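Chain by chain, the residues run as shown.
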Amino acid sequence: MNTLEALFKPRSIAVVGASRQPGKIGYEILRNLKEYGYGGRIYPVNPQAKEILGLKAYPSISSIPDSVDMVVVSVPAHMVPDVIEEAGRKGVKVAVVISSGFKEIGRHDLEEEIVLRARKYGMRILGPNIFGVVYTPARINASFGPKDVIPGHIAFITQSGALGIALMGMTIVEKIGVSTIISIGNKSDIDDADLLEYLAGDEATKVILIYLEGVKDGKRFIEVARKVSTSKPVIVIKAGKTEVGAKAVASHTGSLAGNVLIYSTVFKQTGILEARSVEEAFDWARTFSYSPEYRDGDLVVVTNGGGAGVLVTDTLSMNGVQLSPPPETLVNALKPKLPGFASLGNPIDVTGMISNEGYVDAVMSALLDDKVGIVLAVYCQTAVTDPTIIAGELIKRIKELGGLPKPLIASFIGGEEVYWAIQKLNNAGIPAFPMPERAASSVAALINYSRIRKRLLRNA
Ligand code: COA
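Please read all numbers here as calculations on a predicted model, not as lab measurements.

1. A look at the site of the ligand
(1) Moving on: Taken together, 22 residues surround the ligand, and among them Ser 19, Arg 20, Lys 24, Asn 46 and Ser 100 come closest.
(2) Moving on: One of the side-chain nitrogen or oxygen atoms of Arg 20 is found 2.7 Å away from an oxygen atom of the ligand.
(3) Moving on: Contact between the ligand and Ile 98: a nitrogen atom at 3.0 Å from a main-chain N or O atom of the residue.
(4) Moving on: Of the residues assigned to the shell around the ligand, the class counts are 11 nonpolar, 9 polar and 2 charged.

Written out as structure tokens, the structure is:
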């Protein structure tokens, strides 16, 4: 097992500083680990305890009568160097250091000390100053975030702890499935480039999303990001873009936020997709994680609302995607079925008087047209349609096809029934959003990534 693999697929985990007291970080990590269903061996380490949460506790790492692949360290910072030394001697491969009180408060010496000690033994360190790590295929939740993370295909790397924990909670509410969540904190050793490199080969991960404050080794990051972007989309949300924001970054994780322009240029060159907000980053990630790959073919927008059609046209254009007239085959197929005043341009406006069946039919016709490569279905709730019926029928018809043959992104706009329709679509693996701009920006991300990927592969 290589050392980074031990972070995702450890055969055994020790929690050093596992507390007996509910509400303390060391207790909550142990509880998450046990209750989320990790199948390997778990060893609480606490010199004061005999047993915690029904698990036999050990006074030290060296007293564990077995090999240990990963340790999660949750003792005060001044105790961490000794724990690392002992873990190294035991043959531990990776230490997940939760403790704060290192570089972020000026204690560079303490941080260097733990890295030096780990290196002696070939052990890697994640952190310090982190909330932990989650890897859903192995049912590992070694974090003090929420427990019931939904398995899926998004890898989320976050340099921010509390924001990361909050977003972890958001993924559960929004039913966004993740393969892994990694709190990366001060990046004393394991950094973004290491994780990108590993996750490029991780089968459960289809898309990588990074909340980034600063990069440790710019040259390596560029090299790795460019390589990884040829096989998987990498989305970044960069914090600290303003002068005041950059100062805030320095006191948060002790990173250098750097020059905004330099970062944006690097992201473009390496094929990284830079999102403008956390919401956009997760919208894109959800879309990539559900959708089959977009290769080529026309983009067709099907809407029953002219205004919504205009909004998505604007958003697509602002993101570098222009609509061209729909394929003739599709126009010919739809013409006899639509009212005379329907617009058969792109967007195809099937009009507000369309029925449930008529709308589903139009979307499916677009999806099944050979020249079409991607469909954006924009639906506005009307009194003559029912969004939950439309969603249910779309799901049924796509199931009958054996799954999505090409990307279909939906925006359903309206009241309470629309809320449930969106949930239904997302649960069925069709990315759906309540606002047209969010869906259009996600469509643009799929198309832009396909262009980027081709460019990177050409230049490789
Ligand atoms: N080995 C193992 N366990 C030990 C130990 C040792 N050598 N010495 C003491 N312990 C036990 C303690 O007895 C305690 O268990 P108990 O509650 O059953 O008595 C447990 O380890 C934790 O130690 P404690 O001193 O109570 O620390 P704490 O839980 O108050 O704080 C940290 C520890 C790591 C949580 C804290 O120092 C810290 O850094 N907090 C910030 C974490 C953070 O926010 N990280 C970034 C998130 S984004």
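2. Overview of the domain arrangement of the protein chain
(1) Moving on: Assigned domains of the protein chain: these are domain 1 (1–129), domain 2 (149–290) and domain 3 (294–456).
(2) Moving on: Placing a centre on the C-alpha atoms of domain 1 and another on those of domain 2 gives a separation of 24 Å.
(3) Moving on: On the side of domain 2, 20 residues touch domain 1, which itself brings 20 residues to the contact.
(4) Moving on: Buried area between domain 1 and domain 2, both sides added, is near 1,700 Å², and the carbon and sulfur share of it is 52%.
(5) Moving on: The interface formed by domain 1 and domain 2 contains 3 salt bridges.
(6) Moving on: Scanning the region where domain 1 abuts domain 2 turns up 11 residue pairs in polar contact (both at pLDDT 80 or more).
(7) Moving on: Of all the secondary structure elements, the ones that give two or more residues to the side of domain 1 that touches domain 2 are helix H1 (5–8), helix H4 (108–120) and strand S7 (124–126).
(8) Moving on: Among the residues forming the side of domain 1 that touches domain 2, the class breakdown is 11 nonpolar, 2 polar and 7 charged.

3. Points about the side chain of Ser 99
(1) Moving on: Turning to its location among the elements, Ser 99 is positioned in the loop between strand S6 (94–97) and H4.
(2) Moving on: At 2.6 Å, the side chain of Ser 99 and the backbone oxygen of Val 75 are in polar contact.
(3) Moving on: Those residues within four positions of Ser 99 in sequence are excluded, and the remaining contacts are Val 73, Ser 74, Val 75, Ala 77, Val 80, Pro 128 and Asn 129.

4. Section: the packing of aromatic side chains
(1) Moving on: Under the criterion given, the structure shown has 9 aromatic pairs.
(2) Moving on: Consider the rings of Tyr 263 and Phe 267, whose centres lie 5.8 Å apart with planes at 45°: the pair is tilted. With Tyr 263 and Phe 267 both in helix H9 (residues 260–270) and 4 residues apart, this pair spans about one turn of that helix. A single burial state applies to Tyr 263 and to Phe 267, both of which are buried.
(3) Moving on: Ring centres of Tyr 379 and Phe 412 lie 4.9 Å apart, and the angle between their planes is 50°; this geometry places the pair in the tilted category. Taken together, the residues span a long stretch of sequence, with Tyr 379 in strand S18 (residues 372–380) and Phe 412 in strand S19 (residues 408–413) at a distance of 33 residues.
(4) Moving on: Taken together, Phe 8, Tyr 135 and Tyr 198 form an aromatic cluster joined through their ring pairs.
(5) Moving on: Cation over ring: Arg 139 sits above Tyr 36, and NZ or CZ is 3.8 Å from the ring centre.
(6) Moving on: Taking NZ or CZ as reference, Lys 238 lies 4.5 Å from the ring centre of Tyr 263, over its face.

5. Structural notes on the nonpolar core
(1) Moving on: Counting 51 residues, the largest nonpolar core has Leu 7, Val 72, Val 96, Leu 126 and Leu 196 as the members making the most contacts within it.
(2) Moving on: It is helix H6 (residues 192–200) that contributes the most residues to this core, 5 residues altogether.
(3) Moving on: In this structure, this core is formed jointly by two domains, domain 1 (1–129) and domain 2 (149–290), each of which donates at least three residues.
(4) Moving on: Look past the residues within four positions of Leu 7 in its chain and what remains in contact with it is Met 70, Val 94, Val 96, Leu 126, Val 133, Ile 190 and Leu 195.
(5) Moving on: Core analysis: the second largest hydrophobic core is formed by 47 residues, Ile 181, Val 312, Val 378 and Phe 433 among them.

6. Focus: empty space enclosed by the protein
(1) Moving on: In this structure the tally under the stated criterion is 1 cavity of 30 Å³ or more.
(2) Moving on: In this structure, the largest cavity occupies an estimated 30 Å³ of space.

7. Observations regarding the sheet that holds strand S16 (residues 343–344)
(1) Moving on: Pairing is mixed in the open sheet, where 6 strands are placed in the order S16-S17-S15-S18-S19-S20. Among the strands making up the open sheet, the edge pair consists of S16 and strand S20 (432–433).
(2) Moving on: Alignment of S18 against S19, held across 6 bridges, turns out to be parallel. Pairing of Leu 376 across the sheet is with Ile 409, part of S19.
(3) Moving on: Across the face of the sheet, helix H13 (residues 356–368) comes into contact with strand S15 (298–303), S18 and S19 while running at roughly 165° to S18.

8. As for the packing of helix H7 (residues 218–229) against H9
(1) Moving on: The contact between H7 and H9 brings their axes to 8 Å, and the two run at 40°. Between H7 and H9, the crossing angle belongs to the class labelled oblique. Each of Phe 221, Ile 222, Ala 225, Arg 226 and Ser 229 in H7 lies in contact with H9, whose residues at this interface are Val 266, Phe 267, Gln 269 and Thr 270.
(2) Moving on: Of the residues in the contact of H7 with H9, the class split is 5 nonpolar, 3 polar and 1 charged.

9. Let's talk about H7
(1) Moving on: The end-to-end C-alpha distance of H7, which contains 12 residues, comes to 16 Å, matching closely the 16 Å that a straight helix rising 1.5 Å per residue would cover.
(2) Moving on: If you follow the buried residues of H7, they end up packed against H6, strand S12 (207–212), strand S13 (234–238), H9 and helix H16 (436–459).

10. Things to note about helix H5 (residues 161–173)
Each α-helix winds once per 3.6 residues, and so residues spaced three or four apart point in a common direction.
(1) Moving on: In a regular helix each residue adds 1.5 Å, so 13 residues correspond to 18 Å; H5 covers 19 Å between its end C-alpha atoms and thus fits that length.
(2) Moving on: Buried residues of H5: Gly 161, Gly 164, Leu 167, Met 168 and Thr 171, and no others. One face of H5 carries all of its buried residues, which in axial projection span an arc of 120°. Exposed side chains of H5 directed beyond 90 degrees from the buried face belong to Ala 162 and Val 173.
(3) Moving on: Where H5 ends, the next residue or the one after it, Lys 175, has phi of about 55°, a positive value.

11. Comments concerning the pairing of strand S10 (residues 151–158)
(1) Moving on: Counting buried positions over the 8 residues of S10 gives 6, a clear majority of the element.
(2) Moving on: As paired elements, S10 and strand S11 (residues 178–183) share 6 bridges and run parallel to each other. Residue pairing for S11: Ala 155 is matched across the bridge by Thr 180.
(3) Moving on: A crossover connection joins S10 to the parallel S11 through H5; in handedness this β-α-β unit is right-handed.
(4) Moving on: Relative to S12, S10 runs parallel, the two being bridged by 5 bridges. For Phe 156, the partnering residue across the bridge sits in S12 and is Leu 209.

Conventions used here
- Residues numbered from 1 in each chain as written.
- Predicted model: local features only at pLDDT ≥ 70, side-chain atom pairs only at ≥ 80, totals over all residues.
- Heavy atoms only, no water.
- Near = heavy atom within 4 Å.
- Polar contact = N/O pair within 3.5 Å; in protein donor to acceptor, adjacent residues only side chain to side chain.
- Nonpolar A, V, L, I, M, F, W, Y, C, P; charged D, E, K, R; others polar.
- Domains from an automatic or database assignment.
- Contact = heavy atoms within 4.5 Å.
- Buried area = accessible area lost by both parts, 1.4 Å probe.
- Salt bridge = Lys/Arg side-chain N within 4 Å of Asp/Glu carboxyl O.
- Helix = DSSP H or I, 4+ residues; strand = E, 2+ residues; numbered from the N terminus.
- Phe/Tyr/Trp six-rings, centres within 6.5 Å; stacked < 30°, edge-to-face > 60°.
- Buried < 20%, exposed > 50% of the residue type's maximum accessible area, 1.4 Å probe, protein only.
- Lys NZ or Arg CZ within 6 Å of the ring centre and 35° of its normal.
- Core = buried A, V, L, I, M, F, W, Y, C linked by side-chain atoms within 4.5 Å.
- 1 Å grid on protein atoms, 1.4 Å probe; cavity = no way out; pocket = protein on both sides within 12 Å on 5 of 7 lines; lining within 4 Å.
- Points joined across faces, edges and corners; volume = space filled by probe spheres on them.
- Pairing = 2+ DSSP bridges.
- Axes fitted to C-alpha atoms, helices over the stretch in contact; angles between N-to-C directions.
- Parallel < 35°, antiparallel > 145°, perpendicular 65-115°, else oblique.
- Expected span 1.5 Å × (residues − 1).
- Arc of directions from axis to C-beta.
- Right-handed = clockwise from strand over helix to strand, strands pointing away.

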